[in-house]
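One letter stands for each residue in the lines below.
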Amino acid sequence: MKNMRIYNGLTMKHEIDIACPGVILAIEYVSDKNMICVSLSDRTFLFYNCTSSPLYKCERKFNLPSTQKCLCYVKRKRLLFSAGTDGAVFAWQVDKIL
């Protein structure tokens, strides 16, 4: 899948389709930064800003050492955890990435 579909959480109406440059492996919402993190098959994270104009503008592209198939954001620690099929688990400091 190379498109990310965004829906309004209250009305469940379709807002926008965002084309991604690679296959999407995982998506996570980073709540305190109001950003969406997308893990792609080309070993990158893309961070989309949910409040900027235009909406859902790609703010940051971050290269990874390996493919990451799952994401989990822990707000109280401000860490984005990711893991791939190689068994490695990473903890990313979101404040330093953004």
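Reading guide: rules and limits
Residues numbered from 1 in each chain as written. Predicted model: local features only at pLDDT ≥ 70, side-chain atom pairs only at ≥ 80, totals over all residues. Heavy atoms only, no water. Helix = DSSP H or I, 4+ residues; strand = E, 2+ residues; numbered from the N terminus. Contact = heavy atoms within 4.5 Å. Areas by Shrake-Rupley, 256 points an atom, 1.4 Å probe, with all protein chains shown as cover. Salt bridge = Lys/Arg side-chain N within 4 Å of Asp/Glu carboxyl O. Buried < 20%, exposed > 50% of the residue type's maximum accessible area, 1.4 Å probe, protein only.

Asker: Help me understand the overall build of the protein chain, please; the structure alone is not making it clear to me.
Answerer: When its secondary structure is counted, the protein chain shows one helix and nine strands. Counting helices and strands in the order they occur from the N terminus, the protein chain gives β-β-β-β-β-β-β-β-β-α. Summarising the internal contacts of the protein chain: among those between residues at least 6 apart in sequence, 28% fall at separations of at least 24. Carbon and sulfur atoms make up 52% of the accessible area of the protein chain, which totals about 5900 Å².

Asker: Honestly, the pattern of salt bridges in this entry has me stumped. Any pointers?
Answerer: Pairing is possible between side chains of opposite charge, provided their charged atoms come close. Evaluated as defined, the whole model comprises four salt bridges. Between D32 and R78 there is a salt bridge, with the nearest N and O atoms lying 3.2 Å from each other. You can see D32 sitting in the loop between strand 3 (24-30) and strand 4 (35-40) and its partner R78 sitting in the loop between strand 7 (70-74) and strand 8 (79-83), a full 46 residues away along the chain. Take D32: its relative accessible area is 27%, and that puts it in the partly exposed class.

Asker: Would you mind going over unusual backbone geometry with me for this structure?
Answerer: A negative phi angle is the norm for most residues apart from glycine, just as the trans form is the norm for most peptide bonds. In the Ramachandran plot, N34 falls in the positive-phi region, its phi being about 55° despite a non-glycine side chain. Considering the arrangement of structural elements, one finds N34 in the loop between strand 3 and strand 4. According to the relative accessible area criterion, N34 is partly exposed, its value standing at 21%. Of note, the phi angle at R43 is positive, near 65°, even though the residue is not glycine. Note on placement: R43 falls in the loop between strand 4 and strand 5 (44-49).

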